[in-house]
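# Observations on chain architecture
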Amino acid sequence: LIYLFNSNITLGKNGVPVAENFRLEQSTIADTVQAGQVRVKTLYLSVDPYMRCRMNEDTGSDYLQPWQLSEVADGGGIGVVEESQHHNLAKGDFVTSFTWPWQTVAILDGDSLQKLVPQLVNGRLSYFLGAAGITGLTALLGIREKGHVAAGANQTMVVSGAAGACGSLAGQIGRLEGCSRVVGIAGTDEKCSILVQEMGFDAAINYKKGDVAKQLRELCPSGVDVYFDNVGGDISDTVISQMNQNSHIILCGQISQYNKDVPYPPPLPPDTEKIQKERNITRERFLVLNYMDKQEASVLQLCQWIQEGKLKVRETVVEGLANIGAAFQSMMNGGNIGKQIVLVSK
């Protein structure tokens, strides 16, 4: 089974993605595995907000290639080797790739795969797509490279999209790195409750209820020193208005803007931009792929925190390749808590 980016639905630069943007087909793969290749069975696939950018011919990014119409979609994935003609991979090895095809079985170039050690995540392989993968790296390296967090500095961090894959980790990592107060912004009371009761956030705001600016002032009486921004838009404008002099925005994502034809990062409204400049607030594009020299050590740090129970991990799991389009649509609408995972095979 393979999952294709659908040519029959026109999305457009300002469109909202729906499950019908994809279609499932049955296909065949080669009978033989060539030298350097492996045949893998897909176990887990990841759907992430950045994929919305890949639904346009111009992704707006120099590191993302657009999905091609009527071709197999791809993204982060994990599988198990069923047959190998690669010198470093054997049958039974668990492997991952950032460009895993959305299909149940595939023949892949062994050099494109990274071997996984399940023991590092207590056997929870799917964590390598989230907390111990590119998502966790984005949270950890974003805070370390752009957050300027210093233990003992009495800093307050605010995280938007705080119950999502990256946000739920970022708040916890901010605390582990030294922030004295962490406040999350999410879209439901359930999410807010999980952030406080499970993830160790000091407080959480449901942005769909009440006055967000007023709640922020009450919950961050000393202002905001570090803002981990996953959403952009009105929420971010509100947070920036309460940021301190010489504070820092970690520009991780702008999910509220992904369905709009705007550059990345989206420009701030004039009033917000004025605040940013007057208070010397840093707001620099952050791309985790620019820090891959720190990947190995950072993944080991994330795995250590997971093993020690210091980093709590949430996943929303949908079963079946046929449901990956619906999982993507739900994730883009905030239907997930933690990382959105698709379980393809057990």
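Residues numbered from 1 in each chain as written. Predicted model: local features only at pLDDT ≥ 70, side-chain atom pairs only at ≥ 80, totals over all residues. Heavy atoms only, no water.

The name given to the chain in an unreviewed UniProt entry is Prostaglandin reductase 2, with Prunella fulvescens as the source organism. Comment text from UniProt for the chain, heading Function (unreviewed entry), reads "Functions as 15-oxo-prostaglandin 13-reductase and acts on 15-keto-PGE1, 15-keto-PGE2, 15-keto-PGE1-alpha and 15-keto-PGE2-alpha with highest activity towards 15-keto-PGE2. Overexpression represses transcriptional activity of PPARG and inhibits adipocyte differentiation." Its UniProt record gives the chain the following Subunit (unreviewed entry) comment, quoted word for word: "Monomer." (UniProt positions renumbered as here; feature names shortened; annotations may be inferred.)

### Topic: the packing of helix 1 (residues 134-147) against helix 2 (residues 165-177)
Remark: helix 1 packs on helix 2, axes separated minimally by 9 Å, with the N-to-C direction vectors making an angle of 40°. One element, helix 1, and the other, helix 2, form an angle in the oblique class. The chirality of how helix 1 crosses helix 2 is right-handed. Mapping the contact onto sequence places Thr135, Gly136, Thr138, Ala139, Leu140, Ile143 and Arg144 in helix 1 and Ala165, Cys166, Leu169, Ala170, Ile173, Gly174 and Glu177 in helix 2. (Axes fitted to C-alpha atoms, helices over the stretch in contact; angles between N-to-C directions. Helix = DSSP H or I, 4+ residues; strand = E, 2+ residues; numbered from the N terminus. Parallel < 35°, antiparallel > 145°, perpendicular 65-115°, else oblique. Left-handed = near helix turned anticlockwise from the far one by under 90°. Contact = heavy atoms within 4.5 Å.)

### Remarks on the sheet that holds strand 11 (residues 224-229)
Read from one edge of the open sheet, six strands run 10-9-8-11-12-13, paired in parallel fashion. A strand with exactly one partner marks an edge of an open sheet, and here the two such strands are strand 10 (203-206) and strand 13 (282-285). Sheet twist, expressed as the average angle between the axes of neighbouring strands with direction ignored, equals 20°. Bridging between strand 11 and strand 12 (residues 243-251) involves five bridges; their strand directions are parallel. Paired with Tyr227 across the two strands is Ile249, which belongs to strand 12. (Pairing = 2+ DSSP bridges.)

### Let's talk about helix 2
With 13 residues, helix 2 ought to run about 18 Å at 1.5 Å a step, and its terminal C-alpha atoms sit 19 Å apart, in line with that. Counting buried residues in helix 2 gives ten out of 13 residues, a clear majority hidden from the surface. All of the buried residues along helix 2 are Ala165, Cys166, Gly167, Ser168, Leu169, Ala170, Gly171, Gln172, Ile173 and Gly174. Buried residues along helix 2 sit in contact with helix 1, strand 8 (156-160), strand 9 (181-186), strand 11, helix 7 (295-307) and strand 15 (339-343). A positive phi of about 135° marks Gly178, the residue just after helix 2. (Expected span 1.5 Å × (residues − 1). Buried < 20%, exposed > 50% of the residue type's maximum accessible area, 1.4 Å probe, protein only.)

### Structural notes on the packing of aromatic side chains
On inspection of all chains with the given rule, the structure shows three aromatic pairs. Pairing Phe22 with Trp102 gives two aromatic rings, centres 5.6 Å apart and planes at 40°, and the pair type is tilted. You can see Phe22 sitting in strand 2 (residues 22-25) and its partner Trp102 sitting in the loop between strand 5 (94-101) and strand 6 (105-109), a full 80 residues away along the chain. Through a chain of ring-to-ring contacts, three or more aromatic side chains come together here, namely Phe22, Trp102 and Phe328. (Phe/Tyr/Trp six-rings, centres within 6.5 Å; stacked < 30°, edge-to-face > 60°.)

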